[in-house]
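Breakdown of the fold
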Amino acid sequence: MATQCVTKVELTISCENLLDMDVGSKSDPLCVLHMHTSGNQWFEVDRTERVKNCLCPKFAKKFVIDYHFEVVQKLRFSLYDIDNKTIDLSDDDFLGELECTLGQVRQFAVYCSAISAEEIKDNRVVNFEAEARKLDKKDFFGKSDPYLEFYRQMETGWQLAHRTEVVKNNLNPTWRPFRIPLQSLCGGDMEKPIKVESPSFSKYILFNMVSNMHLICLLLILTCSLVAIFGYLFIFLDCIMKTMVVKEYTFLDYIMGGCQLNFTVGVDFTGSNGDPRSPDSLHYISPNGVNEYLSAIWSVGLVIQDYDSDKLFPAFGFGAQIPPHWQVSHEFPLNFNPSNPFCSGVEGLVEAYRMCLPQVKLYGPTNFAPIIRHMSQFAQQALQQNTASQYFVLLIITDGVITDMDHTRAAIVAASHLPMSIIIVGVGGADFTDMEILDGDDGRLRSPSGEPAIRDIVQFVPYRKFQNAPREALAQCVLAELPEQLVSYFRLKKLQPPSDPKPS
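The rules behind the values
- Residues numbered from 1 in each chain as written.
- Predicted model: local features only at pLDDT ≥ 70, side-chain atom pairs only at ≥ 80, totals over all residues.
- Heavy atoms only, no water.
- UniProt positions renumbered as here; feature names shortened; annotations may be inferred.
- Helix = DSSP H or I, 4+ residues; strand = E, 2+ residues; numbered from the N terminus.
- Buried < 20%, exposed > 50% of the residue type's maximum accessible area, 1.4 Å probe, protein only.
- Contact = heavy atoms within 4.5 Å.
- Areas by Shrake-Rupley, 256 points an atom, 1.4 Å probe, with all protein chains shown as cover.
- Patch = residues over 30% accessible without salt bridge, like charges linked within 9 Å, V, L, I, M, F, W, Y side chains within 5 Å.
- Salt bridge = Lys/Arg side-chain N within 4 Å of Asp/Glu carboxyl O.
- Lys, Arg positive; Asp, Glu negative; His and termini not counted.
- Charge placed at Lys NZ, Arg CZ, Asp CG, Glu CD.
- Expected span 1.5 Å × (residues − 1).
- Axes fitted to C-alpha atoms, helices over the stretch in contact; angles between N-to-C directions.
- Parallel < 35°, antiparallel > 145°, perpendicular 65-115°, else oblique.
- Left-handed = near helix turned anticlockwise from the far one by under 90°.
- Nonpolar A, V, L, I, M, F, W, Y, C, P; charged D, E, K, R; others polar.
- Pairing = 2+ DSSP bridges.
- pLDDT = per-residue confidence, 0-100.
- Right-handed = clockwise from strand over helix to strand, strands pointing away.

- In the nomenclature of an unreviewed UniProt entry, the protein chain corresponds to C2 domain-containing protein from the organism Pygocentrus nattereri.
- Its UniProt record gives the protein chain a comment under Sequence similarities (unreviewed entry), which states: "Belongs to the copine family."

This is the structure in structure tokens:
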């Protein structure tokens, strides 16, 4: 089967002289990228990090998108002042926006925003581990909040490539291991200068990846370098840093190398959906043969099924009383066959849902944890193989507020260690604040005991945003984070594709 070669483009965003919307401090800007669909709708692609108290931010987060020469790809860059932890932007101050096409992006300067685009030609990354000891105390009331910034040399000056996390109130920080694409760091040129700054301490170094780590440092306390075959270590600002240049596999590398996606659907049959016989019910099937549950199954399933060779999908319901004893179940197969809950293709999923609906009594409560743990068992079995051959995707379609939030958080944190992702589509007009918490985009989800998820595995999308959009728009948004979630897991486990694709 012929495959299409897709060019990846990396967009870097910086701004100047933004509006100051805060009283007593400066705005905390964040940039959101939307793309235009064929159905005259906009969908969100990604967001940068929030830069606190800054009117001239340089965003470290890059936007990476597919470039199609034959298509006019419309982009919208929107800036907001973020003063809360919710994902919803309607309660944040709007700072301005820019619309353009991807073909127009070169060095843009409109609405005080600069956008640069570059084709990604190098898939190598540099893995970093960094720690510092006995840093100077810079804050008057507390300890310092140290972080590092990495800059790439451009014709117009230095461009921010990466900003580490801020370690609060710590003079002996150890940063979480981080990675920077070699393309972002030096354009793939191992001899090109790279600058590392510590803004909190007004110090910097210059080095490149092949010159025995020649260091130039202001107020350098200790300097040394060690070159290995592919690894480097250097010390500056009392900071020890180890680096390793490695090849990085992409989502397509894993898929083309034999990794299978295993797709499972979970459907909410709680009483808050309304009587399925009433047109007001979310489970009511219209004369056209659709409802929001069916639309979500069709939209996501049609994309996912192409990555599953047997196209046999388990499908479960939760929150209903089921025959013959009418006990409440939060994990029953839609075809009522526990030994074989599989449906053949998307059409089989739809048929199973239609056949199940009149046979159950909608009840409650809305518990997610049982079905998440059920799928985790299969992902745990795949984990024992220690190969990148299987990845599991659970689609949960729900209308209400979660009633087992603590158990669900614990189940998701445990699942973050497994080859597994969870997609939640919220139907109806309920308050989905809890879903946004599970999404983890604004910080790492933690279990009730405080254990953090080792990676973000949940994507939540409210269906109401796509009611009048083409089917593909919902699928694009729902599945936007899945490739990175899959890659992040196999990267964490240091697993290559089952059949290593030929190097590019």
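**Regarding the overall build of the protein chain**
- Scanning the protein chain from terminus to terminus reveals nine helices and 28 strands.
- Buried positions account for 50% of the 504 residues belonging to the protein chain.
- Counting only contacts in the protein chain whose residues sit at least 6 apart along the sequence, the fraction spanning at least 24 positions is 69%.
- Of the roughly 24,300 Å² of accessible surface on the protein chain, a fraction of 52% belongs to carbon and sulfur atoms.

**Regarding a positive patch on the surface**
- The grouping of Arg50, Lys52, Lys85 and Lys168 at the surface amounts to a positive patch.
- Mapping Lys52 onto the fold places it in the loop between β3 (42-47) and β4 (63-67).

**Overview of unusual backbone geometry**
- The amide bond that connects Pro323 to the next residue, Pro324, takes the cis arrangement and shows omega of 5°.
- Locating Pro324 in the fold gives a position in the loop between β21 (320-322) and β22 (327-329).
- Cis rather than trans, the peptide bond between Gly364 and Pro365 has omega equal to -5°.
- As for its placement among the helices and strands, Pro365 is situated in the loop between β25 (361-362) and α5 (369-383).
- Notably, Asn53 is not glycine yet its phi reads approximately 50°, a positive angle.
- Within the secondary structure, Asn53 is located in the loop between β3 and β4.
- Asn53 gets classed as partly exposed once you look at its relative accessible area, which sits at 46%.

**Thoughts on the pattern of salt bridges**
- Scanning the model with the defined rule gives ten salt bridges in all.
- Between Glu149 and Arg163 there is a salt bridge; the shortest N-O distance is 3.0 Å. Of the two residues, Glu149 sits in strand β10 (residues 149-154) while Arg163 sits in strand β11 (residues 157-163), which places them 14 residues apart along the sequence.
- As a salt-bridge pair, Arg176 and Glu165 come within 3.3 Å of each other at their nearest N and O atoms.

**Quick look at α5**
- For α5, built from 15 residues, the straight-helix expectation of 21 Å at 1.5 Å per residue is met to within 8% by its first-to-last C-alpha distance of 20 Å.
- Within the sequence span of α5, burial applies to Ala369, Ile371, Ile372, His374, Met375, Ser376, Ala379 and Ala382.
- Contacts from the buried residues of α5 go to β19 (260-268), β20 (312-318), β26 (390-398), α6 (405-415) and β27 (420-426).

**Considerations on the packing of helix α3 (residues 292-304) against helix α4 (residues 345-356)**
- Packing of α3 against α4 brings their axes to within 9 Å, and their N-to-C directions diverge by 160°. On the basis of the axis angle, α3 is roughly antiparallel to α4. Note that α3 runs across α4; the crossing there is right-handed. Residue-level contacts link Tyr293, Leu294, Ile297, Trp298, Gly301 and Leu302 of α3 to Val346, Glu347, Leu349, Val350, Tyr353 and Arg354 of α4.
- Residues belonging to the contact of α3 with α4 are distributed by class as follows: nine nonpolar, one polar and two charged.

**Focus: the sheet that holds β21**
- With antiparallel pairing, the three strands of this open sheet are ordered in space as β22-β21-β25. Of all strands in the sheet, those bounded by a partner on one side alone are β22 and β25.
- With three bridges joining them, β21 and β22 adopt antiparallel strand pairing. For Ile322, the partnering residue across the bridge sits in β22 and is Gln327.

**Observations regarding the sheet that holds strand β6 (residues 93-101)**
- Overall, antiparallel pairing links the four strands, which are arranged β3-β2-β5-β6 in an open sheet. One side of each edge strand has no neighbouring strand; the edge strands of this open sheet are β3 and β6. Going from strand to strand, the sheet's axes swing by 25° on average, the running direction of each strand aside.
- For strand β5 (residues 74-81) and β6, the ladder comprises eight bridges, and the chain directions are antiparallel. Across the sheet, the residue bridging to Phe77 is Leu98, located in β6.

**Examining α4**
- Under the 1.5 Å per step criterion, the end-to-end length of α4 is 17 Å for twelve residues, consistent within 8% with the ideal 16 Å.
- Along α4, the positions that sit buried rather than exposed are Gly345, Val346, Gly348, Leu349, Val350, Ala352, Tyr353 and Cys356.
- The inward-facing, buried residues of α4 contact β19, α3, β20, β23 (332-333) and β24 (342-344).

**What about the confidence of the model for the protein chain?**
- Within the protein chain, residue pLDDT values average 82, and 83% of them lie at 70 or more.
- At the low end of the mean pLDDT range in the protein chain sits strand β16 (residues 224-227), at 28; at the high end sits β23, at 97.
- Contacts of residues 106-112 to residues separated by more than four positions or lying in other chains number 17 contacts, the stretch itself having pLDDT below 50.
- The low-confidence segment residues 211-233 (pLDDT under 50) makes 56 contacts with residues lying over four places distant or belonging to another chain.

**Let's talk about the side chain of Arg152**
- For Arg152, the location among the structural elements is in strand β10.
- Residue contacts for Arg152: discarding those within four places in its chain leaves Glu118, Gly157, Trp158, Gln159, Gln183, Ser184, Leu185, Cys186, Gly187 and Lys192.

**As for the environment of Phe336**
- Mapped onto the fold, Phe336 is located in the loop between β23 and β24.
- Relative accessible area serves as the criterion here: at 27%, Phe336 is assigned to the partly exposed category.
- Along the backbone, Phe336 and Phe316 are 20 residues apart, and their C-alpha atoms lie at a distance of 9.0 Å.
- The residues contacting Phe336, other than those within four sequence positions of it, are Ile322, Pro323, Cys356, Gln359 and Val360.

**Overview of the pairing of β20**
- Of all seven residues in β20, six are buried; the element is thus mostly enclosed.
- As defined by bridge partners, β19 adjoins β20 across four bridges and the pair is classed as parallel. Pairing of Val265 across the sheet is with Ala315, part of β20.
- Between β19 and its parallel partner β20, the chain crosses via α3, and the hand of that crossover is right-handed.
- Bridge count between β20 and β24: three bridges; the pairing is antiparallel. Counted as the bridge partner of Pro314 is Phe342 from β24.
- In this sheet, β23 lies alongside β20 in antiparallel orientation, the contact comprising two bridges. Bridged to Gly317 within β23 is Phe332.

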